[in-house]
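Residues per chain are reported as follows:
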Amino acid sequence: MKPAPFDFFAPTSVEEACAILADLGNAAAVLAGGQTLMPLLNLRMSQPLAIVDINRIAELRGVRLSADTVRIGSTTRQRDALNDASLAAALPAFNRALSHVGHYQTRNRGTIGGSVALGEPAAEMPATAVALDAMIEARSVRGTRTIAARDFYLGPYMTALEPDEILTGISYPTWPERHLVLFREVAQRPGDFALVGFVGALAVEDGRIARVGIAWLGMGPTPIAARQAEQALLGCPVGQVNARAVAELAIADTSPFDDRHASAHYRRSVGLRIFEQGLRDTLEIRNLAA
Amino acid sequence: MSDHSISLTINGRPVTATVEGRHSLGDFLRTGAGLTGVHLGCEHGVCGACTVLVDGRAVRSCLMLAVQADGADVITVEGLSGPDGSLHPVQQAMRDEDALQCGFCTPGIIMTFSALAATSPAPSEDETIAALSGHVCRCTGYQGIRRVARKLAAAGAEDRA
């Protein structure tokens, strides 16, 4: 239960890190929080020849808020993002989802970028990036590019990131001050991977849903944008939302599979129920507040 | 394949050593620094027995490389008791509440509690108990450990009041 030997690098700039990856490509693995990579190394399920530790690159850390955007540096620790009050105020859906990621101890090392880059189908951060239409920044010796979260996830643990690229940051568009959060997750124990869940945000203007973004976790090989549900909700007066009908549309976009934790049937049935309940609860909160 | 020289503080003492790149922090603390209070239960980040404090934060030492702790301030369970052997309040509470049997998971839980006890503002009872989700205990059935969590949270609330 010890890793196979590797060369260890701890660059202090993105340029340095990119140069090493350009050299080594698939033979190298990027190490951020280590909460996923270290178990793989310890079990020898992954045996890279080199590890590129990006934790000492100062420019990759930190949260930056502007009027239109919240940008989260990829090596920002999950714990620090969770405790950031202005981030919680700007993106309450992100904060809510993040509180369900892993455990207290794993959040002390785990990073936002690490979770987004891994692309675990049942994870909260990839689904949140999709729901909130985040833009993902990737850098290599070939330059910088941004990829829409909705185009980023290609399959389980498969993303659009090239072997020589580092995910440097994730930018989320901001929402109106008094917008609503959609979140439900079903897991066997707190901190376990979700069996099924969804995350999203919803803004109401003049009594109608003016903006909405929702994505599922654990309902397919990648996070799944609930596009049909989003379309049905847009423009709908809040009091006229048929939560059951919207939930059915939300399920229609999913393709859950059977695994040893839950069957596809379970995921669809439970997903339907929690989506309907979650949507209704969120809109009722809004009605009470109005 | 690569060797690295590291300098860090362990339980208040400066330590310098040479480690392989692949050497975990947990292994280094046990074999390099002789601190066998750090227990390796699973080595893949699920049991919590290996929990130590790195720069004040409770982390799984099996999921950090020793080389990553260069320049860090590390505290293990051995560093909690006083020089005269007096128990840290967390250790005392674990003892008072019969919160251990074989003791294998215990150091990790103590380190999580000690991190929470040092957190400001003091964590609530819910937050303290939630932090226990990162620990597995095969012996006790957790009730003594939960009593300690409630005790510590209450003490924290008192300090706040």
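Residues numbered from 1 in each chain as written. Chains lettered and ligands numbered in written order. Predicted model: local features only at pLDDT ≥ 70, side-chain atom pairs only at ≥ 80, totals over all residues. Heavy atoms only, no water.

A. Seen up close, the overall build of chain B. Helices and strands together make up the secondary structure of chain B, namely five helices and five strands. Rg of the C-alpha trace for chain B: 16 Å, near the compact-globule value of 15 Å for 161 residues, within the 12% margin. Each principal axis of the C-alpha distribution contributes one length, and for chain B these read about 50 × 30 × 30 Å. A total of 161 residues make up chain B; the buried ones form 51% of that total. For chain B, the proportion of contacts with a sequence separation of at least 24, taken over those separated by at least 6, is 54%. Carbon and sulfur atoms provide 49% of the accessible area of chain B, an area that totals close to 7200 Å². (Helix = DSSP H or I, 4+ residues; strand = E, 2+ residues; numbered from the N terminus. Rg over C-alpha atoms; globule rule 2.2 N^0.38 Å. Buried < 20%, exposed > 50% of the residue type's maximum accessible area, 1.4 Å probe, protein only. Contact = heavy atoms within 4.5 Å. Areas by Shrake-Rupley, 256 points an atom, 1.4 Å probe, with all protein chains shown as cover.)

B. Examining the packing of helix H2 (residues 89–96) of chain B against helix H3 (residues 106–117) of chain B more closely. All names here are of chain B. Following both chains from N to C, one finds H2 and H3 inclined at 130°, their axes separated by 9 Å at the closest point. Relative to H3, the element H2 lies oblique. For the crossing formed where H2 meets H3, the hand is right-handed. Residues Val90, Gln91 and Met94 of H2 form the contact with H3, whose participating residues are Thr106, Ile109, Ile110, Phe113 and Ser114. Residue composition of the contact of H2 with H3, by class: five nonpolar, three polar and no charged. (Axes fitted to C-alpha atoms, helices over the stretch in contact; angles between N-to-C directions. Parallel < 35°, antiparallel > 145°, perpendicular 65-115°, else oblique. Left-handed = near helix turned anticlockwise from the far one by under 90°. Nonpolar A, V, L, I, M, F, W, Y, C, P; charged D, E, K, R; others polar.)

C. A look at the sheet that holds strand S2 (residues 13–20) of chain B. Residues and elements named next belong to chain B. Strand order in the open sheet formed by five strands is S2-S1-S5-S3-S4, with mixed pairing between adjacent strands. Two strands in the sheet have a free side with no partner beyond their single neighbour: S2 and strand S4 (57–60). Pairs of neighbouring strands in the sheet enclose a mean axial angle of 40°, with direction left out of account. Here strand S3 (residues 51–54) runs beside S4; their pairing, made up of four bridges, is antiparallel. Across the sheet, the residue bridging to Leu53 is Ala58, located in S4. Helix-sheet contacts for helix H1 (residues 25–32) involve strand S1 (3–10), S2, S3 and strand S5 (73–75), and the interaxial angle to S1 is about 75°. (Pairing = 2+ DSSP bridges.)

D. Examining the pattern of salt bridges more closely. All names here are of chain A. Enumeration over the complete set of coordinates arrives at 19 salt bridges over all chains. In this structure, Arg244 and Glu248 form a salt bridge, with 3.0 Å as the shortest nitrogen-oxygen distance. Residue Arg244 and its partner Glu248 are located together in helix H11 (residues 243–252), separated by four residues, close to a single helical turn. The exposure class of Arg244 is partly exposed, given its relative accessible area of 37%. With a relative accessible area of 40%, Glu248 lands in the partly exposed category. Residue Arg267 is joined to Asp259 by a salt bridge in which the shortest nitrogen-to-oxygen separation is 3.4 Å. When its relative accessible area of 5% is taken as the criterion, Arg267 is described as buried. In the salt-bridge network here, residues are joined through shared partners; they are Arg244, Glu248, Glu276 and Arg280. (Salt bridge = Lys/Arg side-chain N within 4 Å of Asp/Glu carboxyl O.)

E. Structural context of the sheet that holds strand S2 (residues 28–31) of chain A. Residues and elements named next belong to chain A. Ordered in space as S1-S3-S2, the three strands form an open sheet in which the pairing is parallel. If you trace the sheet from one side to the other, it starts and ends with strand S1 (7–9) and S2, each paired once. Strand after strand, the sheet turns through a mean of 20° between neighbouring axes, direction not considered. In this sheet, strand S3 (residues 50–53) lies alongside S2 in parallel orientation, the contact comprising four bridges. Paired with Val30 across the bridge in S3 is Val52. In the packing of helix H1 (residues 14–24) onto the sheet, contacts are made with S1, S2 and S3, and the angle to S3 comes to roughly 160°.

F. Region of interest: the packing of aromatic side chains. All names here are of chain A. Taken as a whole, this structure holds five aromatic pairs over all chains when the rule is applied. Look at Phe94 and Tyr172: their rings are 5.4 Å apart centre to centre, the planes differ by 70°, and that puts the pair in the edge-to-face class. Within this pair, whereas Phe94 is found in helix H5 (residues 92–98), its partner Tyr172 is found in strand S10 (residues 166–173), the two being separated by 78 residues in sequence. Seen in terms of ring centroids, Trp216 and Phe275 are 5.4 Å apart; in terms of plane orientation they differ by 35°. Their pairing is tilted. Of this pair, Trp216 sits in strand S13 (residues 208–217) while Phe275 sits in helix H12 (residues 264–289), and the two are 59 residues apart along the sequence. (Phe/Tyr/Trp six-rings, centres within 6.5 Å; stacked < 30°, edge-to-face > 60°.)

G. A look at the interface of chain A and chain B. The interface is formed by 32 residues belonging to chain A together with 30 residues belonging to chain B. Both sides together, the interface formed by chain A and chain B hides about 2600 Å², and carbon and sulfur atoms give 52% of it. Interface area lost by chain A to chain B is led by Phe8, Tyr104 and Gln105 of chain A, which between them contribute 24%. At the junction of chain A with chain B, the criterion picks out three salt bridges. Of the charged contacts in the structure, one is a salt bridge between Asp80 of chain A and Arg57 of chain B, with a shortest N-O distance of 2.6 Å. (Buried area = accessible area lost by both parts, 1.4 Å probe.)

H. Here's a closer look at the environment of Arg146 of chain B. Locating Arg146 of chain B in the fold gives a position in helix H5 (residues 143–160). Spatially, the C-alpha atom of Arg146 of chain B lies 13 Å from that of Thr112 of chain B, the residues being 34 residues apart in sequence.

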